[in-house]
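Topology and contacts: notes
The chain contents come next:
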Amino acid sequence: MQGCCGNKKALLEEIADEIRNCHKCGLSESRTNAVPGEGDPCASIVLIGEAPGYWEDRMGRPFVGAAGRLLNDILGKIGIRREEIFITNVLKCRPPGNRDPRPDEVRVCTPFLDRQLEIIRPEFIVTLGRHSTAYIFEKMNLKFYGISRVHGRIYEVKFPEWKCRVIPTYHPAAALYNVNLKEDILRDMLRLKENLSAFME
Ligand code: URA
């Protein structure tokens, strides 16, 4: 690992420790494990999900349940390995019964996500589902018309010190019982792959 990546790894590990010790909201009472996220500290691509589910809470790792297997399958189809990207969530702890994240939970938890993005500074962010898309769109002052309207489009966004492209797609859990949505995610991810290749040239 090169020096800069070693530094990023250390900074991400500091945040992960803070997340594991966080008691800023009630989700810390019901969690088994916090799920900070994982992957390459120097990744060109960051995937952002909604919140840990049952298996993620048990294992302390993102996307390891059924939705994770579907995501792995799609990543495999486009030739991207999980180890070369970074995967995280809007909320780092599981909402009981997998209910939707509440606005107060999003407010206290997302500074962790913001700091992760600021350290990694990826070229591409893929938002998985409406919650992570709504969060990133609001942060970037983009109008969010619903995931079915924006998925597969590429949004160029500027952070104060860096810029990247955001590609929203459906949440893999929504595609578990809907083959059409799985194909949509695959198509959106293929756009990501094409753009990544163009970016790398
Ligand atoms: N769903 C998510 O949004 N994130 C996970 O980590 C797992 C399932």
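The text that follows walks through the structure, step by step, so that each part is easy to find. (Residues numbered from 1 in each chain as written. Predicted model: local features only at pLDDT ≥ 70, side-chain atom pairs only at ≥ 80, totals over all residues. Heavy atoms only, no water.)

Brief notes about the state of the cysteines
One pass over the full model with this rule turns up one disulfide. Through a disulfide, Cys5 is tied to Cys42; the S-S separation comes to 1.9 Å. Torsion about the S-S bond of the Cys5 and Cys42 cystine: about -130 degrees, corresponding to left-handed handedness. Note that Cys5 is positioned in helix 1 (residues 3-20) and Cys42 in the loop between strand 1 (38-39) and strand 2 (45-49), a separation of 37 residues in sequence. Here Cys4 stays unpaired: no disulfide links it, and the sulfur of Cys42, its closest cysteine neighbor, is 4.3 Å away. (Disulfide = S-S within 2.5 Å. Helix = DSSP H or I, 4+ residues; strand = E, 2+ residues; numbered from the N terminus.)

Considering the side chain of Arg82
Inspection of the secondary structure puts Arg82 in the loop between helix 4 (66-77) and strand 3 (86-89). Since its relative accessible area comes to 16%, Arg82 is described here as buried. From its side chain, Arg82 meets the backbone oxygen of Phe63 in a polar contact 2.8 Å long. Residues within four places of Arg82 in sequence aside, it is in contact with Glu38, Arg61, Pro62, Phe63, Gly68, Asn72, Leu75 and Ile87. (Buried < 20%, exposed > 50% of the residue type's maximum accessible area, 1.4 Å probe, protein only. Polar contact = N/O pair within 3.5 Å; in protein donor to acceptor, adjacent residues only side chain to side chain. Contact = heavy atoms within 4.5 Å.)

Here we look at the site of the ligand
Taken together, Gly49, Glu50, Ala51, Glu56, Pro62, Phe63, Asn89 and His171 make up the full set of residues adjacent to the ligand. Partitioned by chemical class, the residues of the shell around the ligand number three nonpolar, three polar and two charged. (Near = heavy atom within 4 Å. Nonpolar A, V, L, I, M, F, W, Y, C, P; charged D, E, K, R; others polar.)

A look at helix 1
The terminal C-alpha atoms of helix 1 lie 26 Å apart, and with 18 residues this matches the ideal 26 Å at 1.5 Å per residue to within 8%. Every buried residue of helix 1 is listed here: Cys5, Lys8, Leu12, Ile15, Ala16 and Ile19. Projection of helix 1 onto a plane perpendicular to its axis shows the buried side chains occupying an angular sector of 105 degrees, all on one side. The secondary structure elements touched by the buried residues of helix 1 are strand 3 and helix 5 (103-120). (Expected span 1.5 Å × (residues − 1). Arc of directions from axis to C-beta.)

Re the packing of helix 4 against helix 8 (residues 179-200)
With their axes 10 Å apart at the nearest point, helix 4 and helix 8 run at an angle of 45 degrees to one another. One way to sum up the angle between helix 4 and helix 8 is to call them oblique. The two elements helix 4 and helix 8 cross, and the hand of that crossing is right-handed. In this structure, helix 4 contributes Leu70, Leu71, Asp73, Ile74 and Lys77 to the contact, and helix 8 contributes Lys182, Ile185, Leu186 and Met189. When its residues are assigned to classes, the contact of helix 4 with helix 8 shows six nonpolar, no polar and three charged. (Axes fitted to C-alpha atoms, helices over the stretch in contact; angles between N-to-C directions. Parallel < 35°, antiparallel > 145°, perpendicular 65-115°, else oblique. Left-handed = near helix turned anticlockwise from the far one by under 90°.)

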